[in-house]
Amino acid sequence: MHVTVKQVEGLSMVGKGESNHWVALDSLKQYQGHEAASQPMELLLISLGGCLGMDVISLLEKKGIELDSFRIEIDSQQAQEHPKVFTSIDLKCILSAKDLNQKDTRWAVGKAMEKFCPVGAMLEEAVTINYSWEIV
């Protein structure tokens, strides 16, 4: 996989991967950013949520379950000192579907986190990821 990241102005940057879609990045004003786009650490968490979400949805669809709604809420803690890595990540999948039950949800979320989500697998090498779910 190959990506390119380019400076736009100051700390504002754009990146593009093999999918050929540009993503904007920026930093806080206190670090001479413009606060005009997502920060890299936010994008890392968004990547985790997107990866996990796609896997959970796909796994449930294989069981014939179509979700009415799905979202993932992610909270993280970071070290106080630089490089301010994540020290823990807590994510919660919130799902809604007509015939969704705890057993299928536990299976799909667990299987996605433990086997299929490469972003989660990489991050778990460096940080504890706690996950849960709620059926609404």
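Before reading further, recall that the structure is shown in the block above.
Fair warning: this is a prediction, and the values are worked out from it, not measured in the lab.

Student: I'd like a description of the overall build of the protein, backed by residues and values.
Tutor: Within the protein, the secondary structure is distributed over 3 helices and 6 strands. Its helices and strands in sequence order give the protein the pattern β-β-β-α-β-β-α-α-β, from N to C terminus. With respect to the principal axes defined by its C-alpha atoms, the protein has extents near 50 × 35 × 25 Å. Burial analysis of the protein (136 residues in total) assigns 31% to the buried set. Across the protein, the fraction of contacts at a sequence separation of at least 24, relative to all contacts at a separation of at least 6, is 47%. As displayed, the protein has an accessible area near 9000 Å², and 52% of this comes from carbon and sulfur atoms. Measuring between centres, the 13 positive side-chain charges of the protein sit 5 Å from its 19 negative side-chain charges.

Student: Tell me what's going on with the side chain of S96, and back it up with residues and numbers.
Tutor: You can see S96 is positioned in strand β5 (residues 86-96). Look at S96 and you get buried, because its relative accessible area is 15%. A polar side-chain atom of S96 sits 3.2 Å from the main-chain carbonyl oxygen of V136. Among all residues touching S96, those that are not within four sequence positions of it are L67, D68, S69 and V136.

Student: Can you explain the sheet that holds strand β6 (residues 128-135)? Please cite residues and give values.
Tutor: Here we have 3 strands laid out as an open sheet, ordered β4-β5-β6, and mixed in their pairing. Edge strands, defined here as strands with exactly one partner in the open sheet, are β4 (69-78) and β6. The sheet shows a mean angle of 15° between the axes of neighbouring strands, direction not considered. Strand direction decides the pairing type here: β4 and β5, joined by 10 bridges, are antiparallel. Looking at β5, one finds that R71 is bridged to I94. Relative to β6, helix α2 (residues 102-116) is tilted by about 155°, and along the sheet it contacts β5 and β6.

Student: How would you sum up the environment of G17? Please name residues and give values.
Tutor: As for its placement among the helices and strands, G17 is situated in strand β2 (residues 12-17). Assessed through its relative accessible area of 24%, G17 is described here as partly exposed. G17 sits 15 residues away from H2 along the chain, and the two C-alpha atoms are 5.9 Å apart. Contacts of G17, omitting those with residues within four sequence positions, involve H2 and V3.

Student: Before we move on, can you summarise the pattern of salt bridges with the specific residues and values?
Tutor: One pass over the structure, following the stated rule, counts 3 salt bridges. With a closest N to O distance of 3.5 Å, D104 and K63 form a salt bridge. Separated by 41 residues along the polypeptide, D104 in helix α2 and K63 in the loop between α1 (40-62) and β4 bring together distant segments of the chain.

Thresholds, definitions, all that
Starting afresh in each chain, residues are numbered from 1 along the sequence in its written order. Reporting of local features is limited, given that this is a predicted model, to residues whose pLDDT is at least 70; pairs of side-chain atoms are given and counted only at 80 or more, and all residues count toward the totals for whole chains, interfaces and linings. The basis for the side-chain values is all heavy atoms of the structure; hydrogens and waters are excluded. Per the convention used, a helix needs a DSSP run of H or I reaching at least four residues, while a strand needs a run of E reaching at least two, with both numbered from the N terminus. Relative accessibility thresholds used throughout: buried, under 20% of the residue-type maximum; exposed, over 50%; partly exposed, between the two (1.4 Å probe, protein chains only). Contact criterion: two residues are considered in contact whenever any of their non-hydrogen atoms come within 4.5 Å of each other. A 1.4 Å probe and the Shrake-Rupley method give the accessible areas. Residues count as covered only by the protein chains that appear here. In this tally, Lys and Arg are treated as positive and Asp and Glu as negative; His is ignored, and so are the chain termini. Every charge is mapped onto a representative atom, which is NZ of Lys, CZ of Arg, CG of Asp or CD of Glu. Pairing of N or O atoms within 3.5 Å defines a polar contact, subject to two protein rules: one partner must be a possible hydrogen donor and the other a possible acceptor, and residues neighboring in sequence count only if both atoms are side-chain atoms. A pair of strands counts as paired when DSSP detects no fewer than two bridges linking them. Helix axes are fitted to C-alpha atoms over the stretch in contact, other axes to C-alpha atoms as well, and angles between N-to-C directions run from 0 to 180 degrees. Here, a salt bridge means any Lys or Arg side-chain nitrogen found within 4 Å of an Asp or Glu carboxyl oxygen.

As far as function goes, none of this settles anything; it's purely spatial.
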